[in-house]
Amino acid sequence: MATDAPPPEGPVGTSPAQPTTEAYNAVQASAEFADLRRSFRSFAFPLTVAFVAWYLLYVLLCSYAGDFMSTKILGNINMALVLGLAQFATTFLIAWLYSRHAATKLDPKAEAIKSRMEADA
């Protein structure tokens, strides 16, 4: 909820020092930052490709394998519904796996880089 009240006044001159552009460029060129990017990419890219392939398979099955997708599983529940719901389950599974990966692998590396930049500034 937006208000017209101004933000609270803080102590003057207590904002943290900001790193320079050169410091950002140095961190970006560092092996530690490259390792952080590699950790992210080695997780994100394969899962993205796998999910897109899984989604396209579902679309292709719906388009061209109508007999298979209309196969009854239980009552009025057919293969198309089961695979469609599996798309949602897969999405939540990937989100959970990513949050776990980020917490264990990415966040500690990013925090180390951030702490070193703040100490140097």
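Reading guide: rules and limits
- Residues numbered from 1 in each chain as written.
- Predicted model: local features only at pLDDT ≥ 70, side-chain atom pairs only at ≥ 80, totals over all residues.
- Heavy atoms only, no water.
- Helix = DSSP H or I, 4+ residues; strand = E, 2+ residues; numbered from the N terminus.
- Contact = heavy atoms within 4.5 Å.
- UniProt positions renumbered as here; feature names shortened; annotations may be inferred.
- Salt bridge = Lys/Arg side-chain N within 4 Å of Asp/Glu carboxyl O.
- Buried < 20%, exposed > 50% of the residue type's maximum accessible area, 1.4 Å probe, protein only.
- Axes fitted to C-alpha atoms, helices over the stretch in contact; angles between N-to-C directions.
- Parallel < 35°, antiparallel > 145°, perpendicular 65-115°, else oblique.
- Nonpolar A, V, L, I, M, F, W, Y, C, P; charged D, E, K, R; others polar.

Inspection of the secondary structure puts glutamine 87 in helix H4 (residues 79–120). Non-local contacts of glutamine 87, meaning those with residues more than four positions away in its chain, are made with Phe51, Trp54, Tyr55 and Tyr58.

Attention now moves to the UniProt feature "transmembrane region" (unreviewed entry) in the chain. When the UniProt feature table is mapped onto this chain numbering, "transmembrane region" (unreviewed entry) sits at residues 43–65 and 77–98. Taken end to end, residues 43–65 comprises 96% helix and 0% strand; its first and last C-alpha atoms sit 32 Å apart. Taken end to end, residues 77–98 has its terminal C-alpha atoms 31 Å apart, with 91% of it in helix and 9% in strand.

Before going further, it helps to examine the pattern of salt bridges. Throughout the structure, instances matching the rule amount to four salt bridges. A salt bridge links arginine 38 to aspartate 35; the nearest nitrogen and oxygen atoms lie 3.2 Å apart. You can see arginine 38 and its partner aspartate 35 sitting in helix H2 (residues 31–64), three residues apart, about one turn around the helix. Given the relative accessible area of 29%, aspartate 35 is considered partly exposed.

Next up on the list: the packing of H2 against H4. H4 packs onto H2 with a crossing angle of 175° between their chain directions and a minimal axis gap of 10 Å. Classified by the interaxial angle, the pair formed by H2 and H4 is roughly antiparallel. Each residue belonging to the contact of H2 with H4 can be placed in one class, and the counts come to 20 nonpolar, six polar and four charged.

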